[in-house]
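# Results of the structural survey
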Amino acid sequence: MPVVSSSVPRPLAESLAKAVPAVISVGLLLVAWQLYATYSGIKPTILPAPSRVFEQAMLNRGALVDNAIPTIRATLIGFACSLSAAFLLSMLVDFFQPLRRALFPVFIISQTLPLVAIAPLVVLWFGFGLAPKIMLVALVTFFPMLVALVQGYEATETEIGQMLRAMGAGRWRVFLLARLPSALPYFFAGLRISITYAVVGAIFAEYAGAAKGLGIYMLNAKNNFRPDLVLAAVGVSAALTLVLFGLTALLQRFAMPWERAGRQPAGKGARR
């Protein structure tokens, strides 16, 4: 009897199965929130129910989309600049060890600066355009990726480097063939951490000064005593963060196919 294959691809089915616990937990949280907002007697102007937040998000979806576009632009450009700078500096630090001792204290100090305090200063110094938002996104996302890459280079097995050198490979070729592939798992771990900060950095920059963006939209809604619109914008920013996080996980699957193959159950590939 022929076996009828499932209409859902196995990778998609596995991803959906993994998402079920998260969907259930978020659903329970929303139900608890809805019940409390409905039956506790709290005013909607203080704590709106999720149903009201969703309703207002639909009614104001044009304004939300219009303000989300500048935030997405600042997030993507700032993150791209941060990624490029982290990769270039990680290579320099790996090739020239004294640079690590010279630069890492500066990078660590940059992460101790409170964003809520530094954002208005950056806007004051560089204006209300796109530049300060890019700089603040890069500031909050740069360091985790740099540290992850440097640790990944150091995790390279010594025997692999020695074998490549014995075969006549130079330092640059050893880096490309051994140290860079070894750093990929660390890099994607740092990438997932950084991407969760990117949207927050852009919104903080918009809070400090902007004409459009989710940050300025939240600020205006708060000043107008509209917590439902504030939470609607928060929901949009959370959705953007989840999408970017999912894209990094998808990118890792394509960049590291051997990792996915290593998780395959034993004996599966032996079937005929």
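In case you missed it, the structure is sitting above this.
Residues numbered from 1 in each chain as written. Predicted model: local features only at pLDDT ≥ 70, side-chain atom pairs only at ≥ 80, totals over all residues. Heavy atoms only, no water.

### Details of the overall build of the chain
Condition: Per the convention used, a helix needs a DSSP run of H or I reaching at least four residues, while a strand needs a run of E reaching at least two, with both numbered from the N terminus. Here's how the labels work: a residue is buried when its accessible area is under 20% of the maximum for its type, exposed when over 50%, partly exposed in between, all with a 1.4 Å probe on protein chains only. Any pair of residues with heavy atoms lying within 4.5 Å of one another is described as a contacting pair.
Across its full length, the chain holds eleven helices and zero strands. Counting across all 272 residues of the chain, residues that qualify as buried make up 34%. In the chain, of all internal contacts separated by at least 6 residues, the share reaching a separation of at least 24 is 74%.

### Focus on a nonpolar patch on the surface
For clarity, the cut-off: Residues enter a patch when their relative accessible area is above 30% and they make no salt bridge; the linking distance is 9 Å between like charges and 5 Å between nonpolar side chains (Val, Leu, Ile, Met, Phe, Trp, Tyr). The protein chains shown are the only cover counted for residues, whose accessible areas, like all others here, come from Shrake-Rupley with a 1.4 Å probe. Just to be clear on terms, a salt bridge is a Lys or Arg side-chain nitrogen sitting within 4 Å of an Asp or Glu carboxyl oxygen.
On the surface, a nonpolar cluster with roughly 560 Å² of combined accessible area is contributed by Leu121, Leu124, Trp125, Phe126 and Met135. Here the element with the most residues in the nonpolar patch is helix H5 (residues 115–126); it accounts for four residues. For Phe126, the position within the fold is in helix H5.

### Concerning the packing of aromatic side chains
Within a pair of aromatic rings, the relevant descriptors are the distance that separates the centres and the angle that separates the planes. Condition: Classification of ring pairs rests on two measures: the distance between centres of Phe, Tyr or Trp rings, Trp counted by its six-membered ring, which must be within 6.5 Å, and the angle between planes, read as stacked under 30 degrees, edge-to-face over 60 and tilted in between.
In the structure shown here, the tally under the stated rule is six aromatic pairs. Look at Phe95 and Phe175: their rings are 5.5 Å apart centre to centre, the planes differ by 50°, and that puts the pair in the tilted class. With Phe95 in helix H3 (residues 61–95) and Phe175 in helix H8 (residues 171–208), this pair connects stretches of sequence that are 80 residues apart. Here the aromatic residues Phe95, Tyr153, Trp172 and Phe175 are joined through ring pairs into a cluster of three or more.

### As for the pattern of salt bridges
This structure, assessed with the given rule, holds four salt bridges. For Asp66, the salt bridge goes to Lys212, with nearest N and O atoms at 2.8 Å. With Asp66 in helix H3 and Lys212 in the loop between H8 and helix H9 (214–223), this pair connects stretches of sequence that are 146 residues apart. The exposure class of Asp66 is partly exposed, given its relative accessible area of 34%. Lys212 gets classed as partly exposed once you look at its relative accessible area, which sits at 41%. Arg226 is the partner of Asp228 in a salt bridge, and the nearest nitrogen-oxygen pair spans 3.0 Å. Among the residues examined, Arg226 registers a relative accessible area of 27% and is labelled partly exposed. Connected via shared salt-bridge partners are Arg52, Arg226 and Asp228.

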